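# Structural description and commentary
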Amino acid sequence: MFIDYLSLKSKIMCGIVGYIGFRDAWPIVIKGLKRLEYRGYDSAGIAIINHEGFNVYKKVGKVSYLEAHAENQDTSGYIAIGHTRWATHGIPSDLNSHPHASNDNRLHIIHNGIIENYSTLKEELINRGHKFKSETDTEVLIHLVEEIQNIEQTDLLEAVRLALNTVIGAYAIVILDRENPGQLIAARKGSPLVIGVGEGEYFIASDATPIIEYTKNVIYLKDNEIALVKRDGLLVKRLDNVIQTPLIQELEMKLESLEKGGFEHFMLKEIFEQPRSIKDCMRGRIIPEIGKVELGGVKEYADKLKNVERIIIIACGTSWHAGLAGEYLIEEYGRVSVEVEYASEFRYRNPIISENDIVIAISQSGETADTMAAIEIAKERGATILGICNVVGASIPRITHAGVYTHAGPEIGVASTKAFTAQVTVLTLLALYIAQQKGTITSSKLTRLLTELETIPEKVQTLLADNDLIKSIASKIKNASNCLFLGRGSGFPVALEGALKLKEISYIHAEGYPAAEMKHGPIALIDEAMPVVFIATKNSSYDKVISNIQEVKARKGIVIAIVTQGDTKVREMADYCIEIPDADEAFLPLLATIPLQLLAYHIAVMRGCNVDQPRNLAKSVTVE
Ligand code: G6P
């Protein structure tokens, strides 16, 4: 369930893993870092202690480079900390890679977050004789801990507590003391941190994915908490020194959901998971016998939804596209005015929001900094905030008043696929829920739409059977430098999402446009080298889209059309057609997006791109 407000600030990305116990720490930390690469993959590093001593390995680039770099070296040890970085302060380099060390090289730290007052602290520390090797704020933090420990002559836990009371910013940290191999110290404020509780061992990570195969028992460290982790027990305190009793929770995640399961890439696996993920998303939310939608997560706000006059959707990236599809659905069925805003714009332009408004924040990760900041602004102005989120227990579900989980399961591929269709599924249900509360839909129409919605997973399954056809189309356009995606009505968000998928993973420049806008600019780009993907299904704008196709063909563009099964008209004009099953216009985004995901995927593979981890991108953008 979405729970109440918890103040969180924006922070930088990166993934962190720590282990203390009796097993070989290296493979645990390496595997964990690979799971966290969605948080960044600019560089990686591990510090590890064994009986003879201590080793640190760092490498710019992906975790696999670090693994190769340390291949014939001593990686033994039962206590280790590791980090995968998404660079903001300081270029990606071996030197700027974490872990960072104290001046005397005794303490080592991994950090996800940002120390805002690091430059003042750095100056003071330099005056006191500290020498810095990197450009990072993290190195300043560990030097500060060392300095405080020396001045106050305290134990490490107390020194870290005092240091964290001095810094301004956000962090999840783990600190290792090479002279004290029996403990790790972890703390968080604003960046996530989970501690896995085993028997005689503990795992620490940015999320539960590095932990799941060893233990299901976890503690989600809270903001302003610091933990002393030893093999045989753990002590949690608040930064104000009050001892806490941590709550051990059981993870519901399944290990299989984190593995590729025979697919070449996570993205392909996730595309093929969509019949299941859409079904999971609807489960328990449709009561077909009585033609009703049940959304337990927003039940408390049913009256508010019934009477609301304006809904504002805030999101970023693919989630924003889902929001746009949601706008069409909510306006059509719920008859409420909807505005869809980029969270990054909304947060900086003094938006007009009142307590009568409902703001819906959509986020796969539940950690996107811009979306979180936009939520805080809307909340300050008294709006009711509902969330649509995939990651259970993430930050956004904690700061919204209520919400609906998408239940798509972990999405590992950086380019979002199954999370998008799950978001659109929730928005479809929400639109029908609002319509049901307001009486803006007849019960026979509601029953018909809900019955059809339940058949969508099967339709998606049949669409996936076109994989080979789509692959062959991909081979024809894989060398393009530019590509246009055009659609009208609910085909427009699909066009935007198709273009985003292609540019994200294949690095082909792609634009999504409302088809009718083509004549106001993009038409100038069309020549025999320009592929134009049309969403040309049989819906209310079919004939108009046909005219747009003719305009492209008249200029020798290459037309790839997504058409309704059995279509003949478009087939005569288009160079390539991909059929989708006949369905109500409401379900177009759920169906037409699937072939575009596959098209982008195959083109990217053919161009030799890293599909799951495209350059410069990260799955969870916790920096503004
Ligand atoms: C990043 C990801 C996108 C995602 C966007 C918003 O750019 O690469 O796939 O759509 O962030 O993320 P969210 O987790 O808030 O949906």
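Counting restarts for each chain, with residues numbered from 1 along the sequence as it is written. Confidence filtering applies because this is a predicted model: local features only for residues at pLDDT of at least 70, side-chain atom pairs given and counted only at 80 or more, and all residues used for totals across whole chains, interfaces and linings. Hydrogens and water molecules were not included; the side-chain quantities draw on all heavy atoms of the structure.

### Notes on the overall build of the chain
As a reminder of what qualifies: Helix and strand labels come from DSSP, where a helix needs a run of H or I of at least four residues and a strand needs a run of E of at least two; each type is numbered from the N terminus. For the radius of gyration, the atoms used are the C-alpha atoms, and the globule rule reads 2.2 Å times the number of residues raised to 0.38. Only heavy atoms enter the contact rule, under which two residues are in contact if any of them lie within 4.5 Å. Per-residue and other accessible areas were derived by the Shrake-Rupley procedure at a 1.4 Å probe size, with only the shown protein chains allowed to occlude residues.
For the chain, the helix and strand inventory stands at 20 helices and 27 strands. In terms of overall size, the chain behaves like a compact globule, its C-alpha atoms giving a radius of gyration of 26 Å where 624 residues would be expected to give roughly 25 Å. Contacts spanning at least 24 positions in sequence make up 72% of the contacts within the chain whose residues lie at least 6 apart. Summed over its atoms, the accessible surface of the chain is roughly 23700 Å², and 48% of this surface lies on carbon and sulfur atoms.

### Digging into the sheet that holds strand β25 (residues 531–535)
Threshold: Two strands pair if DSSP finds at least two bridges between them. Convention adopted: a line fitted to C-alpha atoms gives each axis, helices being fitted over their contacting stretch, and angles between N-to-C directions are expressed from 0 to 180 degrees.
Here 5 strands make up an open sheet; going across it, the order is β24-β23-β25-β26-β27 and the pairing parallel. Where the open sheet ends on each side, the last strands, each with one partner, are β24 (509–514) and β27 (576–580). For this sheet, the mean inter-axis angle between neighbouring strands, taken without regard to orientation, is 20°. The strands touched by helix α17 (residues 491–506) are β23 (482–487), β24 and β25; relative to β24, the strand with the most contacts, the crossing angle is about 175°. Each of β25 and β26 (558–564) touches helix α18 (residues 542–554); the most contacted strand, β25, lies at about 170° to it.

### Points about the nonpolar core
What counts, and what does not: Take the buried Ala, Val, Leu, Ile, Met, Phe, Trp, Tyr and Cys residues and link them wherever side-chain atoms come within 4.5 Å; each set so joined is a nonpolar core. Buried, partly exposed and exposed residues are distinguished by accessible area as a fraction of the type maximum, computed with a 1.4 Å probe on protein chains only: under 20%, between the cut-offs, and over 50%, respectively.
Within the largest apolar cluster, 94 residues are counted, with the highest numbers of intra-cluster contacts made by I311, I313, I330, I360 and F485. Apart from the residues lying within four places of it in its own chain, the contact partners of I360 are I311, I312, I313, I314, I330, L386, I388 and L430. Judged by nonpolar contacts, the second largest core, of 29 residues, contains W26, A80, L251 and L258.

### Observations regarding the site of the ligand
This is how it is decided: Neighbouring residues are identified by heavy atoms, a residue being near a molecule or strand if any of them is within 4 Å of it. Side-chain atoms alone can form a polar contact between residues adjacent in sequence; in general such a contact is a pair of N or O atoms within 3.5 Å, and within protein one must be able to donate a hydrogen while the other accepts it.
Among the 13 residues in the neighbourhood of the ligand, the closest are listed as S319, S363, Q364, S365 and T368. The separation between an oxygen atom of the ligand and a polar side-chain atom of S363 is 2.6 Å. One of the side-chain nitrogen or oxygen atoms of S365 is found 2.6 Å away from an oxygen atom of the ligand. Ranked by residue count, the leading element in the shell around the ligand is helix α9 (residues 317–334), at 3 residues.

### A few points about the packing of aromatic side chains
Convention followed: In this scheme Phe, Tyr and Trp rings, the latter by its six-membered ring, pair at centre separations within 6.5 Å, and the angle between planes marks the pair as stacked below 30 degrees, edge-to-face above 60, and tilted otherwise.
Applying the stated criterion across every chain yields a total of 5 aromatic pairs. Each ring, one from Y19 and one from F203, has its centre 5.0 Å from the other, and the planes form 55°; the classification is tilted. Residue Y19 is located in strand β1 (residues 15–20), and its partner F203 is located in strand β10 (residues 202–205); the two are separated by 184 residues in the primary sequence. Note on F203: relative accessible area 2%, which makes it buried. With 5.6 Å between their ring centres and 35° between their planes, F263 and F272 make a pair best called tilted.

### Details of the side chain of S363
Locating S363 in the fold gives a position in strand β20 (residues 358–363). At 2.8 Å, the side chain of S363 forms a polar contact with the backbone nitrogen of G366.

### Notes on the pattern of salt bridges
We count it as follows: Any Lys or Arg side-chain nitrogen found within 4 Å of a carboxyl oxygen on Asp or Glu counts as a salt bridge.
For the coordinates displayed, the defined rule picks out 28 salt bridges. For the salt bridge of R35 with E213, the shortest nitrogen-to-oxygen distance reads 2.5 Å. A residue pair is termed long-range when its members are at least 10 positions apart, and R35 in helix α1 (residues 25–35) and E213 in the loop between β10 and β11 (217–220) qualify at 178 residues. Of the residues examined, E213 reaches a relative accessible area of 26% and is grouped as partly exposed. We note a salt bridge from R571 to E579, for which the minimum N-O separation is 3.2 Å. Assessed through its relative accessible area of 24%, E579 is described here as partly exposed. Because the salt bridges share partners, they merge into one network encompassing K269, E273, R276, D280, R283 and K418.

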